[in-house]
Amino acid sequence: MRRALTLLGLAAVPVLVLAVFFVLPVSGMLARGFWPDGRFDPGAVLEVLTRPRVHRVLWFTIWSAGLATAVSVVLGLPAAYALHRLALPLRRTIRAALLVPFVLPTVVVGVAFRQLLGEAGPLGFLGLDGTPVAIVGALAFFNVAVVIRSVGASWESLDPRPGEAAAALGASPAQVFRTVTLPALRPSIVSAASVVFLFCATSFGVVLTLGGLRYSSVETEIYLLTTNLLDLQAAAALSIVQLVAVTALLVVAGRLRRVPDPSLARVVARPRRVRPGDAAPVVATVLLLVVVALPVVSLVVGSLRQGDRWTLDHYRALAGRGADEALLQPASDALLLSLRTAVDATWMSLVLGTLVAVVVSRRSRGRAERRLRGVLDGFFMLPLGVSAVTLGFGFLITLGRPPLELRDSALLVPVAQALVALPLVVRTLAPVLASVDERQRQAAASLGAGPLRAALTVDLPVVWRPLLAAAGFAFAVSLGEFGATSFLARDERLTLPVAIYRLIGHPGAANYGMALAASVVLAATTAVVMLAVERLRVPSLGAF
Amino acid sequence: MRRTHASITVLGLALAATTAGCSLGGGGDDEGAGKAEQVVLVTHESFALPDEVVAQFEEESGYDLVLRASGDAGALTNKLVLTKDDPTGDAAFGVDNTFASRALDEGVFDTAEAELPAGADRFALDGDGADRLVPVDNANVCINVDTTWFAEQGVEPPATLEDLTRKQYADQLVLPGAATSSPGLAFLLTTVAAFGDDWPSYWRDLVANGAKLTEGWSDAYQVDFTQGGGGGDRPIVLSYDSSPAFTIADDGTTTTAALLDTCFTQVEYAGVLAGAENPEGARELVQFLTGPEVQAALPTSMYVFPVSSEVELPAEWAEFAVQPDDPWSVDPAEISANRDAWLREWSDVTSR
């Protein structure tokens, strides 16, 4: 009984937050679709699902996101190994650099990719502009960092001894990987892949910019139906499909994640020296770095060019408001606001994420309790599967009146960003917490430690590095978040990605150059933050 | 023990960061002003006015002007419709002639009681809308060509809509899509006005001739157009009649031209929201938007022409931004009745 109460107590705050800032707005929008004129009309919503266009949209979403996920995992695994198990020079810097694409606003990445792949670009001969290949490539470009970081974190703390034992018994490296390493990594790979799939399936900037409007995903379709056609019935139908699909995906992922014995021995393996046998993953990592760097380099070059000459003018312009005062505040203020917003979003998502991770990762007694934890786990992943447009419009129609008069609150943007980052935080922490042997906590309790003391001495030493990784993620997500923010941002309060979007939308080569410069600053800021996070991890690795 | 030290340091840093004003809660907020003393303008993300003009309004009226800007004209209209029972502000600016009837049909706007400046009558709506939506600015969406590119190639640039489907201009046109951008929608309406029910076959020819579609104006102009910032390779683009004023070369002439037989006029309106908390302030604001200060600032702030014929245009505009005499037009009521069907058909014609 006390366990159940503790569980509910821990879950209460996150559940309440999600109820107000997610369930309420989204169901508000769905209700507008199901009750078009105050009358309940589910038939019209279901009828939408029979439209041939909807079938095309669904099929494209599934295969493009699935393929992009597979590409991310295949590219991410060797890099996760090389950057977390091998003593590569500069590996922390590389890890931080690889996270940069993840936080670049889609609009900027879209422009960078199009400059590379477009008919006039250096890779134009490939003829990829406006093809699904470009879309899948860009999605993988965004998300490969998720795989590297979350799989790398588990790989790093994987006990090397079972693998060594297998090798001593005559297993080849490939056999060791297949029979020992891969099964142990499966929970984190499945976690990362499911998050990446959701990110890909709900990304809309990439599909719109790179697909040349020839392709529509569920997310772009909801955007058009809501902001242009005001066809809320069709939008509601697609939102329901999204929610059902996300739930199904979570159930399947939950099954796959379960491994026979989750209690991993927690030993942080020292990175070992590079051997000739490591050539394949190292080469793969270097190639990945080059591929990721190309669009970023094209951004940097663009930001330094004015006409035919090299200049820093675009960077100097960041202190101002752009040509013809394209912005209502200097771009430097936008960066400051982005950082402040990110601090708020980070602590919010960490507090909520830690509570959720603790709740869902504890061993359950009995089936009902396990099921309850499973439902809670899935519940907090749902924000990933809902369109930012639906959420943004939902905020407007449901949070306008007392007692929930929040739609003009300055905290709405960080709250929305925290919700976007929350699943990443939970997915980073939960597998680690789940792998802590319950007997250790029991031992601590039997020695007289209270629950807090037990958490501090048993869980914290294991979880604090993943916690920092999660904090870095949340910060980065918040810095780059564009979808929800652009629906909520007010003119006096522009975050940098929204400011960049506005600059790109204004005529004049100066504003375009300034937008590129601002993107480079955003990318550099992120890299510095990630590098700082990596630095903080140093003591535990004994490198000092 | 070092681990615990490090984690405490991190915790401390996080706390310090939050309390030291890095957080939004930490900084000084501007929530001081009382509610009755402010007037809230809901608008789209392209809205911009010089600080002096805003300051002048605040001084003359005694109200603080608060902006709520996000989305484009379509998103703005739909937001206003969705929140009509509980508006997010007092006045709205940015609903255009392609979306006006949706907002009016839904009863979003109250009467504005504004006096129009000289020359604005030709942009006013008919019927019920005339009292509620006040024209503030206008711009023509036209095909633009890179004149230097065509001169270098020794080719005559296209002049009409029909020219764009001719083989000699194959793979040279880039334009934003009608479903994702308001200039794109305006061009769809141009073709509806020019070709009537045959417009889908014109679009088939256009796509078959290698026309490239992008998500928005910036993608088409900045990345693919030869005179855009990104150094693209397509010399024909959909943009505005004012765009040539922004491509002035070192010798003081413009490198692009708008094709005046391909234009569609977009008019943006302002209005007082029904159920506004401060309707008097909203009326003053709407009147101010049509006044000489705002009208004169429109070209440089928002790249559009004023509706008032009394204000002077900037020098480059007077010289290089040529307006069409007889742009294409479609009746707003007809737009309202058919917009969604046209967009659906357009999407089917242009996607595969």
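Given the structure is predicted, the values throughout are model-derived calculations rather than measurements.

Visitor: Outline the overall build of chain B, supporting the account with residue identities and numerical values.
Guide: In terms of helices and strands, chain B carries 13 helices and eleven strands. Long-range pairs, those at least 24 residues apart, make up 75% of the contacts in chain B between residues at least 6 apart in sequence.

Visitor: Tell me about the overall build of chain A, and name the residues and values.
Guide: When you go through chain A residue by residue, the secondary structure sums to 24 helices and two strands. Here the C-alpha atoms of chain A give a radius of gyration of 24 Å, agreeing with the 24 Å that 2.2 N^0.38 yields for 544 residues. Its C-alpha atoms put chain A at 65 × 60 × 45 Å along the principal axes. With 544 residues in all, chain A has 57% of them scored as buried. The long-range fraction of contacts in chain A, counting pairs at least 24 apart against all pairs at least 6 apart in sequence, stands at 80%. When the accessible area of chain A is evaluated, it comes to approximately 21,600 Å², of which 68% is carbon and sulfur surface. For chain A, the distance from the average position of its 49 positive side-chain charges to the average position of its 30 negative side-chain charges is 11 Å.

Visitor: Help me get a handle on the state of the cysteines, residues and values and all.
Guide: Residue and element names in this part refer to chain B. As enumerated under the stated definition, the model contains one disulfide over all chains in all. Bridging C142 to C263, the disulfide has an S-S length of 2.1 Å. Since a negative S-S torsion denotes a left-handed disulfide, the C142-C263 link at about 115° is right-handed. Of this pair, C142 sits in strand 5 (residues 134-146) while C263 is found in the loop between strand 9 (256-258) and strand 10 (264-273), placing the two residues 121 residues apart along the sequence. Exposure class is identical for C142 and C263. Each is buried.

Visitor: Describe the pattern of salt bridges, and please don't skip the residues or the numbers.
Guide: Evaluated as defined, the whole model comprises eleven salt bridges over all chains. Between E221(A) and R53(A) there is a salt bridge; the shortest N-O distance is 2.9 Å. Of this pair, E221(A) sits in helix 11 (residues 218-229) while R53(A) sits in helix 3 (residues 52-85), and the two are 168 residues apart along the sequence. Residue R53(A) is classed as partly exposed on the basis of its relative accessible area, which comes to 21%. For R339(B), the salt bridge identified is with D340(B), shortest N-O distance 3.7 Å. Given a relative accessible area of 3%, R339(B) falls into the buried group.

Visitor: Report on the side chain of H314(A), specifying residues and quantitative values.
Guide: Assignment of secondary structure puts H314(A) in helix 14 (residues 313-316). Excluding anything up to four places from it in sequence, H314(A) contacts G302(A), S303(A), R305(A), Q306(A), A509(A), A510(A), G513(A), M514(A) and A517(A).

Visitor: Can you break down the packing of aromatic side chains residue by residue, with the values?
Guide: Enumeration over the complete set of coordinates arrives at 22 aromatic pairs over all chains. Look at F246(B) and W317(B): their rings are 6.3 Å apart centre to centre, the planes differ by 85°, and that puts the pair in the edge-to-face class. Taken together, the residues F246(B) in the loop between strand 8 (236-240) and strand 9 and W317(B) in helix 12 (residues 315-320) connect sequence positions 71 residues apart. Pairwise contacts between aromatic rings join F246(B), Y303(B), F305(B) and W317(B) into one cluster. Over the ring of W310(A) we find R305(A); its NZ or CZ atom is 4.6 Å from the centre of that ring. If you follow K79(B) out to its NZ or CZ, it ends over the ring of F393(A), 5.9 Å from the centre.

Visitor: Help me get a handle on the packing of helix 15 (residues 331-361) of chain A against helix 22 (residues 496-504) of chain A, residues and values and all.
Guide: Residues and elements named next belong to chain A. In the contact formed by helix 15 and helix 22, the axes pass within 8 Å of each other and the chain directions differ by 150°. If you check the angle between helix 15 and helix 22, you find them roughly antiparallel. Two secondary-structure elements touch here, helix 15 through A331, A334, L335 and S338 and helix 22 through L496, P497 and A499.

Visitor: Got a sec to walk through the side chain of S72(A)? Specific residues and values, please.
Guide: Inspection of the secondary structure puts S72(A) in helix 3. Not counting residues within four places of it along the chain, the set of residues in contact with S72(A) comprises A140(A), N143(A), V144(A), V147(A) and V196(A).

Visitor: Can you explain the environment of V45(A)? Please cite residues and give values.
Guide: The topology assignment puts V45(A) in helix 2 (residues 42-48). Beyond its immediate chain neighbours, meaning those up to four positions away, V45(A) contacts G33(A), F34(A), Q233(A), A236(A) and A237(A).

Visitor: Outline the domain arrangement of chain B, listing residues and values.
Guide: Residues and elements named next belong to chain B. Considered domain by domain, chain B is made up of domain 1 (35-138 + 267-320) and domain 2 (140-264 + 325-350). Each of domain 1 and domain 2 has a C-alpha centre, and these two points are 27 Å apart. With 15 residues of domain 1 at the interface, the matching set in domain 2 holds 20 residues. Contact between domain 1 and domain 2 buries roughly 1,400 Å² in total, counting both sides, with carbon and sulfur atoms accounting for 61%. Measuring nitrogen to oxygen at the nearest pair gives 3.6 Å for the salt bridge that ties R102 to D340. If you look at where domain 1 meets domain 2, you find three residue pairs in polar contact (both at pLDDT 80 or more).

Visitor: Could you give an account of the nonpolar core, naming the residues involved and the relevant values?
Guide: Counting 258 residues, the largest nonpolar core has L188(B) and W203(B) as its most contacted members. It is helix 18 (residues 412-434) of chain A that provides the largest number of residues to this core, a total of 15 residues. Three or more residues apiece are contributed to this core by two domains, here domain 1 (35-138 + 267-320) and domain 2 (140-264 + 325-350) of chain B. With sequence-adjacent residues up to four places away left out, W203(B) is seen in contact with L175(B), F187(B), L188(B), T191(B), L213(B), W346(B), V349(B) and T350(B).

Visitor: Please give an account of the pairing of strand 5 of chain B that cites residues and values.
Guide: Residues and elements named next belong to chain B. Of all the 13 residues making up strand 5, 13 are buried; the element is thus mostly covered by neighbouring parts of the structure. Bridge analysis of strand 5 against strand 11 (residues 305-306) gives two bridges, and the strand direction is antiparallel. The residue of strand 11 that forms the bridge with N138 is F305. Here strand 5 pairs with strand 8 via five bridges, running antiparallel.

Definitions and limits used
- Throughout this description, residue numbers start from 1 for each chain and increase along the sequence as written.
- Chains carry letters and ligands carry numbers; both start at the beginning, A for chains and 1 for ligands, and go up in the order they are written.
- For a predicted model such as this one, the threshold for reporting local features is a pLDDT of at least 70, and the threshold for listing and counting side-chain atom pairs is 80 or more; totals across whole chains, interfaces and linings nevertheless cover every residue.
- Hydrogens are left out, water is left out, and the side-chain values use all remaining heavy atoms of the structure.
- A helix here means a DSSP run of H or I that spans at least four residues, while a strand means a run of E at least two residues long, and both kinds are numbered starting from the N terminus.
- By definition, residues are in contact when any of their heavy atoms lie within 4.5 Å.
- Atoms counted for the radius of gyration: C-alpha only. Globule rule: 2.2 Å times the number of residues to the power 0.38.
- Relative accessibility under 20% of the residue-type maximum defines a buried residue, over 50% an exposed one, and the middle range a partly exposed one, all with a 1.4 Å probe and only protein chains included.
- Here the open area of atoms and residues is found with the Shrake-Rupley method and a 1.4 Å probe, where only the protein chains shown may cover a residue.
- Positive charges are assigned to Lys and Arg, negative charges to Asp and Glu, while His and the chain termini are left out of the count.
- Lysine's charge is taken at NZ, arginine's at CZ, aspartate's at CG and glutamate's at CD.
- The disulfide definition used here is simple: a pair of cysteine sulfur atoms within 2.5 Å.
- Whenever a carboxyl oxygen of Asp or Glu lies within 4 Å of a side-chain nitrogen of Lys or Arg, that contact is scored as a salt bridge.
- Any two of the Phe, Tyr and Trp rings considered here, Trp counted by its six-membered ring, make a pair once their centres fall within 6.5 Å; the pair's planes then place it as stacked at under 30 degrees, edge-to-face at over 60, or tilted in between.
- The criterion is that NZ of a Lys, or CZ of an Arg, lies within 6 Å of the ring centre and within 35 degrees of the ring normal, and then a charge sits over that ring.
- Only the stretch in contact is used when a helix axis is fitted, and all axes are lines through C-alpha atoms; the angle between N-to-C directions ranges over 0 to 180 degrees.
- Should an angle fall under 35 degrees it is called roughly parallel, over 145 degrees roughly antiparallel, and 65 to 115 degrees roughly perpendicular, with every other angle called oblique.
- Each domain's extent was defined by an automatic or database domain assignment.
- Once two parts are put together, the accessible area they lose, assessed with a 1.4 Å probe and summed over both, is termed the buried area.
- Any pair of nitrogen or oxygen atoms within 3.5 Å is treated as a polar contact; in protein, a donor-acceptor pairing is required on top of that, and neighbouring residues in sequence qualify only through side-chain atoms on both sides.
- Definition of nonpolar core: a set of buried residues of the types Ala, Val, Leu, Ile, Met, Phe, Trp, Tyr and Cys, connected through side-chain atoms within 4.5 Å.
- At least two bridges found by DSSP between two strands are what make those strands a pair.

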